[in-house]
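Chain residues, written in single-letter form:
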Amino acid sequence: MGTVVTRTTKYLKPYALKLHFSNKYVRSMVVHKPTSRTVAAASSLEKDLRTELPSTGDVAAAATIAGLLAERLKLQDIPAVSFELQKGERYHGKIKAFVDSLKAHGIQLI
């Protein structure tokens, strides 16, 4: 059974979206699973974004970070990423804002 998951991951879903939300910041990155390398990342910790955003940890910040990540993914020619909710997470609030903004900027979720 493990080989099927590995093949699927390796060939059909090679890019995984990782999200981290704290009360102060929003962090996101896309990892290439076979090589475990970070392909693109965006965070509200970046200096130029901290001055633009009124709050770095709210729903609006999550949507802005998703737009920035989508631009960086398009520069790398990555049209789709895989995303799965962690155990206990709901598609709600910051996660919903992030994913909807990513879709609106043209990145497919598989």
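Residues numbered from 1 in each chain as written. Predicted model: local features only at pLDDT ≥ 70, side-chain atom pairs only at ≥ 80, totals over all residues. Heavy atoms only, no water.

Within an unreviewed UniProt entry, the label attached to the protein chain reads 50S ribosomal protein L18, chloroplastic, and the organism entered is Sphagnum jensenii.

*Asks:* Any chance you could explain the overall build of the protein chain here in plain terms?
*Replies:* What the protein chain contains, in helices and strands, is four helices and five strands. Going residue by residue from the N terminus, the α and β elements of the protein chain occur as α-β-β-β-α-α-β-α-β. On C-alpha atoms alone, the protein chain measures out to a radius of gyration of 14 Å, which is about the 13 Å that the 2.2 N^0.38 rule sets for 110 residues. Taking the principal axes of its C-alpha atoms as reference, the protein chain extends roughly 45 × 35 × 25 Å. Taken across its 110 residues, the protein chain has 35% of its residues classed as buried. The long-range share in the protein chain, meaning contacts at least 24 apart out of those at least 6 apart in sequence, stands at 57%. Looking at the protein chain as shown, the accessible area adds up to about 7000 Å², and 54% of this sits on carbon and sulfur atoms. For the protein chain, the centre of its 17 positive side-chain charges and the centre of its 9 negative side-chain charges are spaced 9 Å apart. (Helix = DSSP H or I, 4+ residues; strand = E, 2+ residues; numbered from the N terminus. Rg over C-alpha atoms; globule rule 2.2 N^0.38 Å. Buried < 20%, exposed > 50% of the residue type's maximum accessible area, 1.4 Å probe, protein only. Contact = heavy atoms within 4.5 Å. Areas by Shrake-Rupley, 256 points an atom, 1.4 Å probe, with all protein chains shown as cover. Lys, Arg positive; Asp, Glu negative; His and termini not counted. Charge placed at Lys NZ, Arg CZ, Asp CG, Glu CD.)

*Asks:* What exactly am I supposed to notice about the pairing of strand β1 (residues 15–21) here?
*Replies:* The side chains of a regular strand alternate, first on one face of the sheet and then on the other. Here seven bridges tie β1 to strand β2 (residues 26–32), and the two strands are oriented antiparallel to one another. Its bridge partner lying in β2, histidine 20 is registered against arginine 27. Linking β1 to β2, which pair antiparallel, is a turn of four residues. (Pairing = 2+ DSSP bridges.)

*Asks:* Quick question: what am I supposed to make of helix α4 (residues 94–104) here?
*Replies:* Listed as buried for α4 are Ile95, Ala97, Phe98, Val99, Ser101 and Leu102. Buried-residue contacts for α4 involve β1, β2, α3 (59–75), β4 (80–81) and β5 (108–109). In the segment just after α4, glycine 106 is the residue with positive phi, at about 95°.

*Asks:* Just to check I follow, could you spell out the packing of α3 against α4 for this structure?
*Replies:* In helix packing, the relevant descriptors are the interaxial angle and the interaxial distance, both defined with respect to the helix axes. Here α3 crosses α4 at 30°, and the two axes come no closer than 8 Å. In this view, α3 runs roughly parallel relative to α4, as classed from their interaxial angle. In the crossing of α3 with α4, the sense of the turn from one axis to the other is right-handed. Seen from α3, the contacting residues are Val59, Ala62, Ala63, Ile65, Ala66, Gly67, Leu69 and Ala70; seen from α4, they are Lys94, Ala97, Phe98, Ser101 and Leu102. (Axes fitted to C-alpha atoms, helices over the stretch in contact; angles between N-to-C directions. Parallel < 35°, antiparallel > 145°, perpendicular 65-115°, else oblique. Left-handed = near helix turned anticlockwise from the far one by under 90°.)

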